[in-house]
Every structure is written in structure tokens, then in C-alpha cells.
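Residues per chain are reported as follows:
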Amino acid sequence: MKRRILSCLLCFCLLAAGCSAQRTETGERASDATASTAETRLNETTSAAASTEETAMNTAISTSAADSTQAETEAPTGLRENEAFTNLVGACEDAILGVIYNDPFVDGDPVPTVVWNEGEYDRLVIYPRYVGSEVSAWRIVWTGEEGQTRELEGPVYSAVCGQGDCFAAALDRPEGAAGWVVTVTSPDGAEDGLELDYNGRYGTFAYEYLVDDAASPLRREYPELEALYGLETVLGGEELHAFLRATVRERLDPWAAMKRFCSPLADFGDSAAYTCWQGEMDGDTYELQAVRLRENYDPGEGSLAERAAAQARQYAADGNKGGILGPEAEAGEALYMDLTGLTVYNPTLLAQTVRVTVNGEEVGVFKLTEGDFCTLLELDCTGLPADVPIQVTLHVEQSRGAEGAAILEAWPGIGGNISGAR
């Protein structure tokens, strides 16, 4: 969804060493991957390409990130929050360093203190979080015989944020390749850079956040940090980091939380079973389909509904010969899935409460985390049929901004008797 310029050297090394044959974003093995919404996003954010691009950018924009030493509701020591930012966004996680507020300005017209340039299209206003932050816009120049080499020109625009400052500009978002990068560097050295991509799926988000996960005090609590960061290829880097912050905030073991709330992450590795999903936001409603599949039973092609039905037919014909119930199980029991939880990703921070239905039955109204992107919803939907995908609907009941401006994404935690054991 967004390509970052943070250094991904560690993630790249891990992936190059042992992750090249791991799950695609739909949770399948790379060799079984099929075209889906989730796989399209994966193709847009292939880790090796992202690492190469991000390393080149970091050569031009080099800073050292410093961890915050205060509670997440307080500004880190020595930093003053910019009132323009707090008036717009409110309280939020320390990892967030700034926000880009995009036209058509769903929360009201901004009043910028600095105007870098005027334009009719792709207007935005940048709000650094901390007074003294350096904010810059860099032009991306494509060079080489086939335009495959990216270089940064500039900064074309740059300023230091004073109290109450916000910076207006019109920075075009051409289809095919980003034309600009916006960076924010806080006075203590935390930084993030955001490419201004064209979003053909939903259009430009109302809010886009600049986030440095290293600035969060929660990051220091991640156990086995390096191993977990190898999972960036499953959901995306920012999404993974937000999920991990949510697990620490809830005092949950990350591995147990993956299994309960986000089984695509738990599947990462040498599991014979995997979670496949696809979802789409339409107005104020996000529709999710998800199914648990097992190699030797999954035909590997067709819609999720077709693959679930094919798996059920093969089990009816062959029983447990292929190990769908595990090596020690006896064939005979019906296949079923349990939906134990959901991870809800709220990238604009506009959605505030959601109403959730599972297979047409309402399971509750849930408040989303204030000021951070991931919320973990506990569910107890057991014994769901496995010959059809689980159908989950999340309807935004309460939000900021105009109707339909909120964007959600969700990943399921699926259990049941479809075994991943060899």
C-alpha cells in the first residue's frame, strides 16, 4: 500500500537467507500462489525491490533513529508537540512522526502556515508532530535506458517546523511510479519517508502517516525482534509493526497472538496448512473472505469458494490419506473452522467503532484502538463449515470525517481441525 524509505537491511538478509520460498500474502506457498487482492498488494511491495529502493533513498537521506524513553501517551524527553498536529490528530502512538492531510480535506479546510507551491490537483498539507522537525519533499527522478534507476533530487522544498506550523504543497501522484517522497525527521533523529504513490484501489487516503517504529517505547518489548521482522513479507512492514505494538500493548505473547488473531502470520514457516483471504472496502463496509486450506487437498486455483469446496470433496473421497486431520487422526469427523479473532488495520485512524458479523450473524460492536493502527478483536465463532469460506463483514459505525473516508483492512485468526502437521 505504501513503500517506505526506512532501512530494510536486516529484513532483506533474513529473507535472502531463508524466506524466499515462504508464504505469499494470501498465506500460501509461493509455488501455490494465485492471483488475488492480497497477492496484488504483495507484487507491489516485493521485499527485495523495496529493500533496494529503500537503501538508495537512505543514502540520500541519512539519519539515526533514537528510541523514545517515555510512556506512549507522552512526548519523548526534550520534544514539544506541534499544536497544529495535535489539534488535527489528537493523542497517538509515539512512533507517529507526522501526518499528510490530503485533498478533499474530509475534516475541514486546513490553514497552512507555509505554502511551498500552488496547484489544482494532488494538494496536501504536512503536519510534523514535533517542533523542530525537519520536513522535506524530494523529487524522484527515473534514469537509465529503461527508466529503472531511481534517484532523489533535492530536497526541492524543505523547512524546520515551528510551533503551529503546517506545510502546503501540490505534489503530483502519477500512475505507474511515484514522483515525490516526503520526509520528516524529528529533533531526536527519528525519521520516516513516504512515497506519494497513486492508489488505484481506493484513491488517495484522507490521511497518510509518517511512522518510525524505532521511536515507539513498545518496540523495546518485542521478544525475538529480529526473527519477527522476517514476517514483514506477509502483511507489510508498517502493518507488522503495528500488530506487534498491539500485542505488547495488550500484554500478549506475539506468537500466541498471531495464532489467535492473525493466522497468516502464524502460518509463516513450514506448515502444511495455511490461511487464504481476500478483502475489499466498499463505502463504510469491509468484506472479508477467509478459508483454511491444506496442501494435498487444495487444488491451488480458482476462487476461495471453489478451493474450499474442492478440498471438502477430496476429503470426503480420500479421508485422511493426505493428512488433513494430522498424522495421528482418524478420518470420519467433518472438517470445520473456528474464527478465534481478527486483526483490524485502520491506516487513516478515521474509523472509531465497527460492527462485526460472521456468516451473516452479528457478533458485536467493537471500539478500535485510539491513536494506533491495529486492534485485536477476540471472537469465539466455533464449528464453522469448512466447505465454504468464512464471511466477515466489518461496518464502520462511528468515524471521523466524511462518510466513506475511513479505510479498513482485516486478517483472520482461524483454527479448527485442518492440521498443519506433516
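Coordinates for the structure precede this section.
Before going into details, it helps to say that this report is about the structure given with it. Keep in mind that this is a model prediction, so the values were computed, not measured. (Residues numbered from 1 in each chain as written. Predicted model: local features only at pLDDT ≥ 70, side-chain atom pairs only at ≥ 80, totals over all residues. Heavy atoms only, no water.)

### Things to note about the overall build of the protein
The helix and strand tally for the protein stands at ten helices and 17 strands. Sorting the 422 residues of the protein into buried and exposed places 54% on the buried side. At a minimum sequence separation of 6, the contacts of the protein that also span at least 24 residues come to 72%. (Helix = DSSP H or I, 4+ residues; strand = E, 2+ residues; numbered from the N terminus. Buried < 20%, exposed > 50% of the residue type's maximum accessible area, 1.4 Å probe, protein only. Contact = heavy atoms within 4.5 Å.)

### Re helix H10 (residues 304-318)
Given a rise of 1.5 Å per residue, 15 residues ought to cover 21 Å, and the 21 Å separating the end C-alpha atoms of H10 matches this to within 8%. Among the residues making up H10, those that are buried are Leu304, Arg307, Ala308, Ala310, Gln311 and Tyr315. All buried residues of H10 lie within an arc of 160° about the axis, which places them on one face of the element. In H10, the exposed positions angled more than 90 degrees off the buried face are occupied by Arg313, Ala316 and Ala317. Here the buried face of H10 lies against strand S10 (273-282) and strand S11 (285-294). Following H10 by one or two positions, Gly319 has its phi on the positive side, about 65°. (Expected span 1.5 Å × (residues − 1). Arc of directions from axis to C-beta.)

### Quick notes on the sheet that holds strand S7 (residues 180-185)
With antiparallel pairing, four strands are arranged side by side in an open sheet as S5-S4-S7-S8. Unpaired on one side and paired on the other, strand S5 (149-160) and strand S8 (191-195) mark the two borders of the sheet. Direction aside, the axes of adjacent strands within the sheet are offset by 25° on average. (Pairing = 2+ DSSP bridges. Axes fitted to C-alpha atoms, helices over the stretch in contact; angles between N-to-C directions.)

### So, the pairing of S8
Within S8, five of the five residues are buried, which leaves it mostly tucked inside the rest of the structure. Where burial is concerned, the two faces of S8 agree: the one with Glu191, Gly193 and Glu195 and the one with Asp192 and Leu194 are both buried. Inspection of the sheet shows S7 paired to S8 by five bridges, in the antiparallel sense. Bridge pairing links Thr185 to Glu191 in S8. Hairpin connection, S7 to S8: the antiparallel pair is bridged by five residues, and Gly189 has positive phi, about 100°.

### Brief notes about the environment of Leu325
Within the element layout of this structure, Leu325 appears in the loop between H10 and strand S12 (336-345). Separated by 96 residues in the primary sequence, Leu325 and Ala421 have C-alpha atoms spaced 8.4 Å apart. Apart from the residues within four sequence positions on either side, Leu325 is in contact with Tyr315, Asn320, Glu330, Ala331, Glu333, Leu335, Asn417 and Ser419.

Honestly, that's just the spatial picture; any functional story needs more than this.
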